[in-house]
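# A closer look at the structure
So the chains spell out like this:
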Amino acid sequence: MNEDEDRRQRDNSIHFFGKVTASISHEMKNVMAIINENAGLMEDLAIMAEKGRPLEVKRVKTLAGKIRVQVQRGDGIVRNMNRFAHSIDMPVDLVDLCELLELMVILAQRAAAMKGITLEAKAASDKIMITTRPFILENLIWFCLRSIMDSDPSPRTIIVVPESVLKKGAQIRFSGFSGHFLSKDNTFFKQAKEQFLESLEGDLIIDSVAREIVIVLPGNISARK
Amino acid sequence: MRVLLVDDEEEFVSTLAERLSMRGIEAVWTTTSLEAIERAESEIFDLAVLDVKMPKIGGFALKDKLQDKQPDMKFIFLTGYGSEQDFKSISAMLGADYYLVKPVDIEALIDKMKKIL
């Protein structure tokens, strides 16, 4: 990799990391806004009780329960953010592809919802373990999801399926978009190959009949070097 | 004062509406921009409080649609941006003068409502 390519990949990684963390922080802000309103309402009820209005214990319990639900929601968001942040720890690592894919689908969920799109990650019957560059693979999955989401006409549901390929490695199948996207958007394929697939030693297959994109990944990236 | 609150987080928008009502402000809430547009066809509002990021039709696009129906309606935007400072450049570009960052301080919101009307 020359200096320009190295810089481009670094910029691309920083951009990706920024996008994901911004999306997570927006979601956390919503959680905090709900907790703030429920706590504020409890305070309002307490102030009114001080002024003589009877305090409804059942109502206070309900509000406390709502706060607890949001704390759990926030905890889930932060847990996913933590998993994502730690994917940079090891440039090359043995990963569970299904878990990694599920994480990226969760992280892209809000962006999809903004466009009225549903993301569906199908579970594989068994664990699919591959040695790869986790952060670059996450970036590629995000890039594919965002490119499909931004395609015209906008898809309603994007389905992502991890699959094991006997003796070879694994693949990720994206479907649910129009054929128009496959035939017109050449920059998508060029970018995917240049920015990610070379580093991942992977390939991208376009199935225009089934209207699918398939990312093909080696089982062990370091073993092929 | 009659206010339309629009945010896709139902728990947030319904509770905010209740708290505003406790303070003498008539607040109607919806969780979708489409429902907000429908309501604006049959009801008059002095002001709308809109979340910037909502599915399909975001707050800024919704403002234009509501303003077409009720030109006198005023607007306050709510954002999940890190700080008001972060949001300032974007809001200036889009012509949004009044905005608040989530979580919202209800007294600050009411102050802005009074200033704008």
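Residues numbered from 1 in each chain as written. Chains lettered and ligands numbered in written order. Predicted model: local features only at pLDDT ≥ 70, side-chain atom pairs only at ≥ 80, totals over all residues. Heavy atoms only, no water.

### Points about the environment of Arg173(A)
Residues and elements named next belong to chain A. Note that Arg173 resides in strand 5 (residues 169-175). A sequence separation of 25 residues divides Arg173 from Glu198, and the C-alpha atoms of the two residues are 19 Å apart. Once residues lying within four places of it in the same chain are set aside, the contact partners of Arg173 are Ile159, Val160, Val161, Glu163, Glu212, Ile213 and Val214. Engagement of the side chain of Arg173 in a polar contact is seen with the side chain of Glu163, the distance being 3.1 Å. (Helix = DSSP H or I, 4+ residues; strand = E, 2+ residues; numbered from the N terminus. Contact = heavy atoms within 4.5 Å. Polar contact = N/O pair within 3.5 Å; in protein donor to acceptor, adjacent residues only side chain to side chain.)

### Observations regarding the interface of chain A and chain B
Chain A puts 22 residues into the contact, and the matching count from chain B is 21 residues. Counting the surface lost from both chain A and chain B, the interface buries some 2,000 Å², and carbon and sulfur atoms represent 55% of this. When the buried area of chain A at its contact with chain B is split by residue, Lys29(A), Glu37(A) and Met114(A) rank highest and sum to 32% of it. The tally of links from chain A across to chain B stands at six salt bridges. Put simply, Lys66(A) and Glu11(B) hold a salt bridge, and the shortest N to O gap is 3.2 Å. (Buried area = accessible area lost by both parts, 1.4 Å probe. Salt bridge = Lys/Arg side-chain N within 4 Å of Asp/Glu carboxyl O.)

### Concerning helix 3 (residues 59-69) of chain B
Regarding helix 3 of chain B, the residues found buried are Gly59(B), Phe60(B), Leu62(B), Lys63(B) and Leu66(B). All buried residues of helix 3 of chain B project into a common sector of 150 degrees when viewed along the axis, lining one side. (Buried < 20%, exposed > 50% of the residue type's maximum accessible area, 1.4 Å probe, protein only. Arc of directions from axis to C-beta.)

### Observations regarding unusual backbone geometry
For the bond running from Asp152(A) to Pro153(A), omega is 0 degrees, close enough to zero to count as cis. Here the amide bond leading from Lys102(B) into Pro103(B) is cis, since omega sits at -5 degrees, within 30 degrees of zero. When you line up the elements, Pro103(B) lands in the loop between strand 5 (99-101) and helix 5 (106-116). In the Ramachandran plot, Glu201(A) falls in the positive-phi region, its phi being about 55 degrees despite a non-glycine side chain. Among the structural elements, Glu201(A) can be located in the loop between helix 6 (186-200) and strand 6 (203-207). Of note in this structure, Arg211(A) is not a glycine but carries a positive phi near 55 degrees. You can see Arg211(A) is positioned in the loop between strand 6 and strand 7 (212-218).

### Some thoughts on the domain arrangement of chain A
When the parts come together, some accessible area is lost, and that loss is often what is quoted as the size of the interface. Residues and elements named next belong to chain A. The domains assigned to chain A are domain 1 (3-86) and domain 2 (93-224). If you average the C-alpha positions of domain 1 and of domain 2, the two centres end up 29 Å apart. Every contact between the two is made by 16 residues of domain 1 and, on the other side, 15 residues of domain 2. Of the roughly 1,500 Å² buried between domain 1 and domain 2, counting both surfaces, carbon and sulfur atoms make up 56%. Applying the counting rule to domain 1 against domain 2 returns zero salt bridges. Of all the secondary-structure elements, those providing two or more residues to the side of domain 1 that touches domain 2 are helix 1 (3-50) and helix 2 (57-86). Broken down by element, the side of domain 1 that touches domain 2 gets its largest block of residues, 13 residues, from helix 1. (Domains from an automatic or database assignment.)

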